[in-house]
Amino acid sequence: MKFVTYFYQNKEAVGILKEEEKAVFPLPFADMDTLIQTSKENLQLAVKEAESSIPLVDVTLLAPIPRPRQDIICLGINYKAHAEEAERYSEEAFKKERPIPIYFSKRVTEAVAPEGFIESHPGLVERLDYEAELAVVIGKIARNVRAEEAEDYIFGYTVLNDVSARLLQTTNKQWYFGKSLDGFTPMGPCITTADEISFPPALHICSRVNGELRQDSVTDLLITSIPDIIEELSSGMTLLPGTVIATGTPAGVGMGFDPPKFLKRGDVVECSIEGIGTLRNTVR
Ligand code: MG
């Protein structure tokens, strides 16, 4: 199933995407966090009873979790080829012994809608960059989860663009600020439920800027796998339902090119993952 958050007739609502993704069937939950926390039985019942639909063209899709309750947990440098390009760009900022995972967080006051705008923050941000990522959405309280059981704790997956201000990221020696600006987290277009994707996910992931292919990889090339991430984090940190974990980006980000290809106003960035969909955002 594919769940979406959308805006229709001056209201935000959640629904299920059906009929070849041409219609949204509204569901009776206050928001996506509530939907995620609903028992499987109640969710199945609500899906079954959802009979009326709205044409997709009549709604505005929002990020599936527009206002995450907690910061997004991110993995840095989690694809081998991206590790190499980042190190070429700034050895001091990115060189790390591997495979110890790099965790950082990303504040998201409001996630950017699937067709929304990436903010360029003129005067503050130089070297604006994109990072297409597979994001895991946790479905139930996770504490001391073993890697073999990790799949049971995943509600679904979405696409996330971990927009980054490289100059802030490298000069601050700490990634939080340069990753957390307003308009830096496009997410969506939907959450595809875990039962629709084989585990661990081996999905084609790519990004394009103004139509030019930049990133092109598969999501099973992670240095630290999704089961290992969930096992390690939950060993000392409770993961609540609705937690979003961005699993890292493959090679082909702007800083990876020589000369670098950073974003500028007017650029259109598309991040796509097989089985989930495409985020298409314009830099303004
Ligand atoms: Mg990232």
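The rules behind each value
- Residues numbered from 1 in each chain as written.
- Predicted model: local features only at pLDDT ≥ 70, side-chain atom pairs only at ≥ 80, totals over all residues.
- Heavy atoms only, no water.
- Helix = DSSP H or I, 4+ residues; strand = E, 2+ residues; numbered from the N terminus.
- Rg over C-alpha atoms; globule rule 2.2 N^0.38 Å.
- Buried < 20%, exposed > 50% of the residue type's maximum accessible area, 1.4 Å probe, protein only.
- Contact = heavy atoms within 4.5 Å.
- Areas by Shrake-Rupley, 256 points an atom, 1.4 Å probe, with all protein chains shown as cover.
- Lys, Arg positive; Asp, Glu negative; His and termini not counted.
- Charge placed at Lys NZ, Arg CZ, Asp CG, Glu CD.
- Salt bridge = Lys/Arg side-chain N within 4 Å of Asp/Glu carboxyl O.
- Phe/Tyr/Trp six-rings, centres within 6.5 Å; stacked < 30°, edge-to-face > 60°.
- Lys NZ or Arg CZ within 6 Å of the ring centre and 35° of its normal.
- Pairing = 2+ DSSP bridges.
- Core = buried A, V, L, I, M, F, W, Y, C linked by side-chain atoms within 4.5 Å.

1. Here we look at the overall build of the chain
Across its full length, the chain holds 7 helices and 18 strands. Computed over the C-alpha atoms, the radius of gyration of the chain is 18 Å, within 12% of the 19 Å expected from 2.2 N^0.38 for a compact globule of 284 residues. The dimensions of the chain, computed from C-alpha atoms along their principal axes, are 55 × 45 × 30 Å. Per-residue burial over the chain gives 55% buried out of 284 residues. Intrachain contacts of the chain at a sequence separation of at least 6 include 76% that bridge at least 24 residues. Counting only carbon and sulfur atoms, one obtains 49% of the accessible surface of the chain, whose full area is about 12900 Å². On the chain, the mean spot of the 29 positive side-chain charges and the mean spot of the 42 negative ones are 4 Å from each other.

2. Notes on the pattern of salt bridges
Applying the stated criterion across every chain yields a total of 19 salt bridges. As a salt-bridge pair, Glu12 and Arg67 come within 2.9 Å of each other at their nearest N and O atoms. Highlighted residues: Glu12 in strand E2 (residues 11-18) and Arg67 in the loop between strand E5 (60-62) and strand E6 (72-76), separated in sequence by 55 residues. For Glu12, a relative accessible area of 33% translates into the label partly exposed.

3. Quick word on the side chain of Lys2
Within the element layout of this structure, Lys2 appears in strand E1 (residues 2-8). Those residues in contact with Lys2, other than ones at most four positions away along the chain, are Gly15, Ile16, Leu17, Glu21, Cys190, Ile191, Thr192, Gly275 and Ile276.

4. A closer look at the packing of aromatic side chains
One pass over the full model with this rule turns up 3 aromatic pairs. Ring geometry for Phe104 and Trp175: centres 5.0 Å apart, planes at 70 degrees, overall edge-to-face. Here Trp175 lies in the loop between helix H5 (166-171) and helix H6 (176-179) and Phe104 lies in strand E7 (residues 102-106), a separation of 71 residues in the sequence. Comparing Phe104 with Trp175 shows no difference in burial state: the two are buried. Over the ring of Phe25 we find Lys18, and its NZ or CZ is 4.5 Å from the ring centre. For the cation-ring pair, Lys261 lies above Phe257, with the distance from its terminal atom to the ring centre recorded as 4.5 Å.

5. Observations regarding the environment of Ile36
Structurally, the position occupied by Ile36 is in helix H1 (residues 32-37). C-alpha separation for the pair Ile36 and Gly242, spaced 206 residues apart in sequence, amounts to 6.7 Å. Setting aside chain neighbours within four positions, we find Ile36 in contact with Ile65, Val137, Ile138, Gly139, Phe155, Ile191, Pro241 and Gly242.

6. What about the sheet that holds strand E15 (residues 212-218)?
Strands pair in a sheet through their backbones, by hydrogen bonds, and they do so in one of two ways: parallel or antiparallel. Within the open sheet, the 5 strands sit side by side as E8-E18-E17-E14-E15. Their pairing is mixed. Two strands close off the open sheet at either side, each with one partner strand: strand E8 (117-118) and E15. With 5 bridges joining them, strand E14 (residues 204-209) and strand E17 (residues 268-273) adopt antiparallel strand pairing. For Cys206, the partnering residue across the bridge sits in E17 and is Ser272.

7. Points about the nonpolar core
Phe3, Leu27, Leu35, Tyr157 and Ile245 are the most contacted members of the largest nonpolar core, which has 88 residues in total. Ranked by residue count, the leading element in this core is strand E10 (residues 132-138), at 6 residues.

8. Structural notes on the environment of Phe257
Position of Phe257 relative to the elements: it lies in the loop between strand E16 (244-246) and E17. Given a relative accessible area of 25%, Phe257 falls into the partly exposed group. In this structure the C-alpha to C-alpha distance between Phe257 and Phe29, which are 228 residues apart in sequence, comes to 44 Å. Ignoring sequence-local partners within four residues, the contact set of Phe257 consists of Tyr130, Arg214 and Gly252.

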